[in-house]
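Coordinate analysis (summary)
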Amino acid sequence: MPFNPLTSTTGSNVGGSIQSAIAFASQKTGVDFHYLMGQAQLESGMRANAHSAASSASGLYQFIEQSWLKVVKQHGAEHGLDWAANAISTSGSGRMTVSDPATRRAILDLRNDPQTASLMAAEHASDNKTAIESSIGRDATSTDLYMAHFLGLGGARSFLKTMAQNPDASGAAMFPTAAHANRSVFYTAAGQPRTLAQIYARFTDKLGQGGIAIPPIQLAATKLGDGADVIPGASETSTADAASWARATIDRLNSGRTETASLLRPTPNTARLAYMMLASMGG
């Protein structure tokens, strides 16, 4: 079965491909490899096409739609996703929007691409590390960073500050919406609410790092996809060229080539056309 880069993770080398994608993201951003591996295991069981039944979360790192659009808007252009970053706008209320439905779907489906998801998860962790450390006045641990991914930055700040003062406070009482969507995190099997300290300790154990502080973040020296043409010599609005781009991408993925050029940089027009072509192929 052909590999659809937007929706599928089938194939015997999926595990190795995911680990390679995470290693690449770690090398590119300076974010600790073991943290990114632990987060992916905890979020999705290392399944790039995982979907939440309780929220809009999807992909290897279970980004909800708004969080994904925000991090792509902030960091997509740094990694060859100019077309996606430029298509995302911020409303007056702070909500991230994409005017074209097909482009929006294509951007959200990138959550299921291991390399894109790993890069955005690493950038998200880097941003959160800086913000958390300025808030709590100490080095951020891997668990602190995971809390920011799990609860959002504001939620993580509240969680960590309250835990420092009252570790026995009920997590479900403090975060009822998150508790409703993640009952196993906030309640024991017997239905008893877990304390903040218990929730934090469980995440620490699951991440497998014992709360070790993340090494200092290093700035990436290169850009993903630099020097890679989208469709050499092609018109931005040609359906035939978009189809060729889509087929070439699938062929490259099926052949096992996972170099940085696999994340091409289409214009919004060719992105929409290629996405439609990929969808019509149906995997």
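Notes on the structure in this doc start here. Within every chain, residues take consecutive numbers counted from 1 along the sequence as written. Reporting of local features is limited, given that this is a predicted model, to residues whose pLDDT is at least 70; pairs of side-chain atoms are given and counted only at 80 or more, and all residues count toward the totals for whole chains, interfaces and linings. To get the side-chain values, all heavy atoms of the structure are used, and hydrogens and water are removed first.

1. Observations regarding the packing of helix 3 (residues 65–75) against helix 6 (residues 114–136)
To be explicit about the condition: Note on geometry: axes are lines fitted to C-alpha atoms, helical ones only across the stretch in contact, with angles between N-to-C directions running from 0 to 180 degrees. Only DSSP runs of H or I with at least four residues qualify as helices, and only runs of E with at least two residues qualify as strands; both kinds are numbered from the N terminus onward. Any angle between 65 and 115 degrees counts as roughly perpendicular, while under 35 counts as roughly parallel, over 145 as roughly antiparallel, and the rest as oblique. Residue contacts are counted whenever heavy atoms from the two residues lie within 4.5 Å of one another. When residue character is reported, Ala, Val, Leu, Ile, Met, Phe, Trp, Tyr, Cys and Pro are called nonpolar, Asp, Glu, Lys and Arg charged, and the others, Gly included, polar.
Orientation of helix 3 relative to helix 6, taken along the N-to-C sense of each, is 85°, at an axis distance of 10 Å. With respect to each other, helix 3 and helix 6 are oriented roughly perpendicular. Residues Trp68, Val71, Val72, Gln74 and His75 of helix 3 form the contact with helix 6, whose own contacting residues are Thr116, Ala117, Met120, Glu123, His124 and Asp127. Residues belonging to the contact of helix 3 with helix 6 are distributed by class as follows: five nonpolar, four polar and two charged.

2. Considerations on the pattern of salt bridges
Note the following rule: When a carboxyl oxygen of Asp or Glu lies within 4 Å of a side-chain nitrogen of Lys or Arg, that pair is called a salt bridge. Per-residue accessibility, obtained with a 1.4 Å probe over protein chains only, is compared with the maximum for each type, and a residue is labelled buried under 20%, exposed over 50%, and partly exposed between these values.
Across all of its chains, the model carries four salt bridges by this definition. A salt bridge links Arg104 to Glu65, with the shortest nitrogen-to-oxygen separation between them at 3.1 Å. Of this pair, Arg104 sits in helix 5 (residues 101–109) while Glu65 is found in helix 3, placing the two residues 39 residues apart along the sequence. Its relative accessible area of 22% is what places Glu65 among the partly exposed residues. The residue Asp144 makes a salt bridge to Arg138 at a minimum N-O spacing of 2.6 Å.

3. Some remarks on the packing of aromatic side chains
Using the following cut-off: Between 30 and 60 degrees the pair is tilted, below 30 it is stacked and above 60 it is edge-to-face, where a pair is any two Phe, Tyr or Trp rings, Trp via its six-membered ring, whose centres lie within 6.5 Å. Charge-over-ring placement is defined geometrically: NZ (Lys) or CZ (Arg) within 6 Å of the ring centre, and within 35 degrees of the ring normal.
If you walk through the whole model with that rule in mind, you get six aromatic pairs. Both rings, one in Phe150 and one in Phe186, keep their centres 6.1 Å apart while their planes meet at 25°; by these two values the pair is stacked. Note that Phe150 is positioned in helix 7 (residues 142–165) and Phe186 in helix 10 (residues 183–186), a separation of 36 residues in sequence. The same class applies to Phe150 as to Phe186, namely buried. Here the aromatic residues Tyr146, Phe150, Phe186 and Phe203 are joined through ring pairs into a cluster of three or more. Between the NZ or CZ atom of Arg183 and the centre of the ring of Tyr187, over which it lies, the distance is 4.2 Å.

4. A look at the nonpolar core
In a soluble, globular protein the nonpolar side chains are often hidden away together inside. Spelled out, the test is: Among buried residues, those of type Ala, Val, Leu, Ile, Met, Phe, Trp, Tyr and Cys that are joined through side-chain atoms within 4.5 Å constitute a nonpolar core.
Counting residues in hydrophobic clusters, the biggest one holds 59 residues, and the most contacted among them are Ile22, Tyr61, Trp68, Ile107, Phe159 and Phe186. For Ile107, the residues in contact, after removing those within four places along its chain, are Trp68, Leu69, Val72, Trp83, Ala84, Ala87, Ile88 and Val98.

5. Remarks on helix 5
Our working rule: Polar contacts, as used here, are pairs of N or O atoms within 3.5 Å; protein pairs need one atom able to donate a hydrogen and one able to accept it. Residues neighboring in sequence count only if both atoms are side-chain atoms.
Looking only at helix 5, the buried set comprises Ala102, Thr103, Ala106, Ile107, Leu108 and Asp109. For helix 5, the capping residue at the N-terminal end is Asp100, with a side-chain oxygen 3.3 Å from the backbone nitrogen of Ala102.

6. Observations regarding unusual backbone geometry
In the Ramachandran plot, Met46 falls in the positive-phi region, its phi being about 65° despite a non-glycine side chain. Inspection of the secondary structure assignment puts Met46 in the loop between helix 2 (33–44) and helix 3. Non-glycine residue Gln62 carries a positive phi angle of around 50°. Tracing the chain through its elements places Gln62 in the loop between helix 2 and helix 3. Residue classification places Gln62 among the buried residues on the basis of a relative accessible area of 12%.

7. Points about the side chain of Arg194
Rule in force here: For the charge count, each Lys or Arg is scored as positive and each Asp or Glu as negative, with His and the chain ends excluded.
When you line up the elements, Arg194 lands in the loop between helix 10 and helix 11 (196–207). Here Arg194 sits buried without a salt bridge, and the closest side chain of opposite charge, Asp205, lies 10.0 Å off (N-O distance). A polar contact of 2.6 Å, which involves the side chain of Arg194, links it to the backbone oxygen of Ser184. Not counting residues within four places of it along the chain, the set of residues in contact with Arg194 comprises Ala169, Ser170, Gly171, Ser184, Val185, Phe186, Tyr187, Thr188, Ile199 and Arg202.

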